[in-house]
Amino acid sequence: MTNNHEATYAKQASVIMADIAKLNEDLKDVLGSAKDAGFNPARIRKAAREMLMDTDKREKLYEAEHQLDLLRDALNLTTTTRILEAAE
């Protein structure tokens, strides 16, 4: 193995890193536009990640979220429960 081979890998890696940096800027612009339009960028980012997940992983995530929602209800952390408590 020579330094020329290593240099080739470094050049390839730098091209990919430049592409990633550009894509990150594009993503930042899209999320900024969404925020300016009144949308929640964190929620959009989360939904976009879920869109990229395989089905099994997404189903496990949704089950975990469901379990967390049940725990929130049990701990009276939900808005509906708080409103009902205030009315009592």
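Residues numbered from 1 in each chain as written. Predicted model: local features only at pLDDT ≥ 70, side-chain atom pairs only at ≥ 80, totals over all residues. Heavy atoms only, no water.

Draft legend 1. The packing of helix α2 (residues 41-52) against helix α3 (residues 55-74), seen in detail. Interhelical geometry of α2 versus α3 gives an angle of 135° and a closest axis separation of 9 Å. On the basis of their axis angle, the class for α2 and α3 is oblique. On α3, the residues touching Lys46, Glu50 and Met51 of α2 are Arg58, Leu61, Tyr62 and Glu65. Its residues assigned to classes, the contact of α2 with α3 comprises three nonpolar, no polar and four charged. (Axes fitted to C-alpha atoms, helices over the stretch in contact; angles between N-to-C directions. Helix = DSSP H or I, 4+ residues; strand = E, 2+ residues; numbered from the N terminus. Parallel < 35°, antiparallel > 145°, perpendicular 65-115°, else oblique. Contact = heavy atoms within 4.5 Å. Nonpolar A, V, L, I, M, F, W, Y, C, P; charged D, E, K, R; others polar.)

Draft legend 2. Region of the structure containing helix α1 (residues 3-36). Helix length check: α1, at 34 residues, gives a terminal C-alpha distance of 49 Å against a target of 50 Å (1.5 Å per residue), a fit within 8%. Two residues or fewer past α1, Gly38 is found with a positive phi of approximately 95°. (Expected span 1.5 Å × (residues − 1).)

Draft legend 3. Inspection of a nonpolar patch on the surface at higher detail. Judged by side-chain polarity, Leu68, Leu71, Leu75 and Leu77 come together as a nonpolar surface patch covering roughly 350 Å² of accessible area. With respect to the helices and strands, the residue Leu77 is situated in the loop between α3 and α4 (79-87). (Patch = residues over 30% accessible without salt bridge, like charges linked within 9 Å, V, L, I, M, F, W, Y side chains within 5 Å. Areas by Shrake-Rupley, 256 points an atom, 1.4 Å probe, with all protein chains shown as cover. Salt bridge = Lys/Arg side-chain N within 4 Å of Asp/Glu carboxyl O.)

Draft legend 4. Structural context of unusual backbone geometry. For Asn76, which is not glycine, the phi torsion reads 55° and is therefore positive. Take Asn76: it is sitting in the loop between α3 and α4.

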